[in-house]
Amino acid sequence: MSIVSICANSQTHAVYFCGERIPMSNDFVYNKLMNVIRRQVSVVNLPSLREKTRSFFPIIERYLREHGLPQDLKYIPIVESGFVANAKSRVGAKGFWQFMPATAGQYGLQITDGFDEREDIFKSTKAACRLIRDYYNFIVKNRGVASWSLTAAAYNYGIGNVNNAIKKQGTDYFNMQLNEETSLYVYKIIAVKELFEYPEIYMKNFGYNIFDAKALPKPIKGGDDSDKDFQQVDLQQSEELFKKEVANVKYEYVLAYVDKIPKEFEDGGLITITLLEDLNTKIRFAGKGQSFSVPAWKVDGRIVADIGFGHDVILYDTDQEKGIDVDKLERKKRTNVVLKNVLHE
């Protein structure tokens, strides 16, 4: 099955970046993101990267909170450097966040012959948060739009270039003609986020566990992620605008249980979930007592499953953590779980 056919009706395939809903109903955007997701598998499947995220994400998340920034921005360093401290681009950008020397100096990062603070995860992350916040506030103040997509594009392309593009083309990143790198940049960030946060939705289409270092990927043919044929305030004010963006996303938790899962459970195998309450989604209704078997996978010691409702219904344990801890499975009886039902608009 082609990954482009993940969702027969893209209207139900809700994807968000920093609280902003990605226009998946646009066929071009949908297919382009699916192709980029396919190509990012080789990135997120690196065991070394997975280890680094466990160390670096908590640091980045802390700084993002301190600066009032969305947590989705933590995926930028993966796209920029893959968390390689001394990564250097052909134009001189370096470090976790790929700062150019001049910009690094502007944001307080010291660079000498034997010392480069762009390679310091703490100092470079703090500087990156300040820069991203400045770019976001600039766009809000000068263009009158609260857009994290444009802010991320500015991180790659420069605030001046993005500002000029907005003047000529409007404020919708997904309908702008930019250089090839920037036109793919936000898609790459979203693709990495999707594969880290919702791998179960994509793994059955790839045919293997993308987070299993021993898994052998099946070759995928076709697709083109180029963009050559694309035709198509202050901090308090910024935070208020961001809150408005995400205010329409609500959740409810529906009780359910999973039948006994054997110790020899293998990736891609089926687990059976039975509802203890009614589950009402915009896709369909499932009543109390209804059971359904779904494919499941092991990721970081937890079993995650594609429930069949896209991003709108996700399997959690009773501690409201995604997936089921393998070590806490009830081997002789059913395991209680909850289904997180996302209610949009």
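Keep in mind the model is a prediction, meaning the values are calculated, not measured.

Procedures and definitions
- Residues numbered from 1 in each chain as written.
- Predicted model: local features only at pLDDT ≥ 70, side-chain atom pairs only at ≥ 80, totals over all residues.
- Heavy atoms only, no water.
- Helix = DSSP H or I, 4+ residues; strand = E, 2+ residues; numbered from the N terminus.
- Buried < 20%, exposed > 50% of the residue type's maximum accessible area, 1.4 Å probe, protein only.
- Areas by Shrake-Rupley, 256 points an atom, 1.4 Å probe, with all protein chains shown as cover.
- Pairing = 2+ DSSP bridges.
- Axes fitted to C-alpha atoms, helices over the stretch in contact; angles between N-to-C directions.
- Parallel < 35°, antiparallel > 145°, perpendicular 65-115°, else oblique.
- Contact = heavy atoms within 4.5 Å.
- Nonpolar A, V, L, I, M, F, W, Y, C, P; charged D, E, K, R; others polar.
- Expected span 1.5 Å × (residues − 1).
- Bend = angle between axes of the 7 residues up to and from the residue.
- Phe/Tyr/Trp six-rings, centres within 6.5 Å; stacked < 30°, edge-to-face > 60°.
- Lys NZ or Arg CZ within 6 Å of the ring centre and 35° of its normal.
- Core = buried A, V, L, I, M, F, W, Y, C linked by side-chain atoms within 4.5 Å.

Description of the overall build of the protein
And step 1. A count of helical and extended segments in the protein gives 10 helices and 13 strands.
And step 2. For the protein, buried positions account for 52% of its 345 residues.
And step 3. On the protein, roughly 16500 Å² of surface is accessible, and the fraction owed to carbon and sulfur atoms is 47%.

Let's talk about the pairing of strand β9 (residues 291–299)
The side chains of a regular strand alternate, first on one face of the sheet and then on the other.
And step 1. Bridge analysis of strand β6 (residues 270–275) against β9 gives five bridges, and the strand direction is antiparallel. Paired with Thr272 across the two strands is Ser293, which belongs to β9.
And step 2. Bridge count between β9 and strand β10 (residues 302–305): four bridges; the pairing is antiparallel. Paired with Lys298 across the strands is Ile303, a residue of β10.

A word on the pairing of β10
And step 1. Along β10, one buried face is formed by Arg302 and Val304 and the opposite face, lined by Ile303 and Ala305, is buried too.
And step 2. Hairpin remark: β9 followed by β10, antiparallel, with two residues in the connecting loop; positive phi at Asp300, about 55 degrees.
And step 3. Both β10 and strand β12 (residues 324–325) contribute to a ladder of two bridges, which runs antiparallel. Bridge assignment links Ile303 to a residue of β12, and that residue is Ile324.

Looking at the packing of helix α6 (residues 148–157) against helix α7 (residues 159–169)
And step 1. Two elements in contact, α6 and α7, have axes separated by 7 Å at closest approach and are oriented at 130 degrees. Relative to α7, α6 is oriented oblique. For the pair formed by α6 and α7, the contact residues are Leu150, Ala153, Ala154 and Tyr157 on the first element and Ile159, Asn161, Val162 and Ile166 on the second.
And step 2. Class assignment for the residues of the contact of α6 with α7 results in seven nonpolar, one polar and no charged.

Some points on the environment of Thr103
And step 1. Examined against the element boundaries, Thr103 turns out to sit in helix α4 (residues 101–106).
And step 2. Here the alpha-carbon distance between Thr103 and Ala127, two residues 24 residues apart in the chain, equals 9.5 Å.

Re helix α2 (residues 47–66)
And step 1. Between the first and last C-alpha of α2 there are 29 Å, a value that for 20 residues agrees with the 28 Å anticipated at 1.5 Å per step.
And step 2. Along α2, the helix axis deviates most sharply at Phe56, where the bend reaches about 40 degrees; the proline Pro58 sits within four residues downstream.
And step 3. By the burial criterion, the buried members of α2 are Leu49, Arg50, Thr53, Phe56, Phe57, Ile59, Ile60, Glu61, Tyr63 and Leu64.
And step 4. Check the buried side of α2 and you find it contacts α1 (27–44), α3 (76–80), α5 (121–143), α8 (180–197) and β9.
And step 5. Remark: Gly68 follows α2 within two positions and exhibits a positive phi of approximately 70 degrees.

A few points about the packing of aromatic side chains
The relative placement of two aromatic rings is captured by the distance of their centres and the angle of their planes.
And step 1. If you walk through the whole model with that rule in mind, you get 13 aromatic pairs.
And step 2. For the pair Tyr253 and Tyr316, a centre-to-centre distance of 6.5 Å together with 80 degrees between the ring planes defines the contact as edge-to-face. Here Tyr253 is found in strand β5 (residues 249–258), whereas its partner Tyr316 is found in strand β11 (residues 313–317), with 63 residues between them in sequence.
And step 3. Overall, Tyr316 belongs to the buried group, its relative accessible area being 13%.
And step 4. Aromatic rings pair up to connect Phe56, Phe57, Tyr75, Phe83, Phe96 and Phe196 into one cluster.
And step 5. Positioned above the aromatic ring of Phe309, the side-chain terminus of Arg284 is 4.1 Å from the ring centre.
And step 6. Over the face of the ring belonging to Tyr257 we find Arg334, whose NZ or CZ atom lies 4.1 Å from the ring centre.

Considering the environment of Asp327
And step 1. Its location among the elements puts Asp327 in the loop between β12 and β13 (335–344).
And step 2. Sequence spacing of Asp327 and Gly301 is 26 residues, and the spatial spacing of their C-alpha atoms is 7.9 Å.

Looking at helix α9 (residues 199–206)
And step 1. For α9, the buried fraction is high: seven of the eight residues fall into the buried class.
And step 2. Listed as buried for α9 are Pro199, Glu200, Ile201, Tyr202, Met203, Asn205 and Phe206.
And step 3. Those residues of α9 hidden inside the fold are in contact with α1, α8, β9, β10 and β11.

Focus on the nonpolar core
And step 1. The biggest cluster of nonpolar side chains holds 81 residues, and the ones touching the most others in it are Phe17, Leu33, Leu73, Trp97, Phe99, Tyr155 and Ile210.
And step 2. Apart from the residues lying within four places of it in its own chain, the contact partners of Trp97 are Ile60, Leu73, Ile76, Pro77, Glu80, Ser124, Thr125, Ala128, Ile132 and Tyr155.
And step 3. Counting 24 residues, the second largest nonpolar core, distinct from the first, contains Ile271, Ile273, Phe309 and Leu339.

As for unusual backbone geometry
And step 1. One non-glycine residue, Phe83, lies in the positive phi region at around 60 degrees.
And step 2. In this structure, Phe83 sits in the loop between α3 and α4.
And step 3. Of note, Gln320 is a non-glycine position whose phi angle comes to about 60 degrees, a positive value.
And step 4. Using a relative accessible area of 46% as the deciding quantity, one classes Gln320 as partly exposed.

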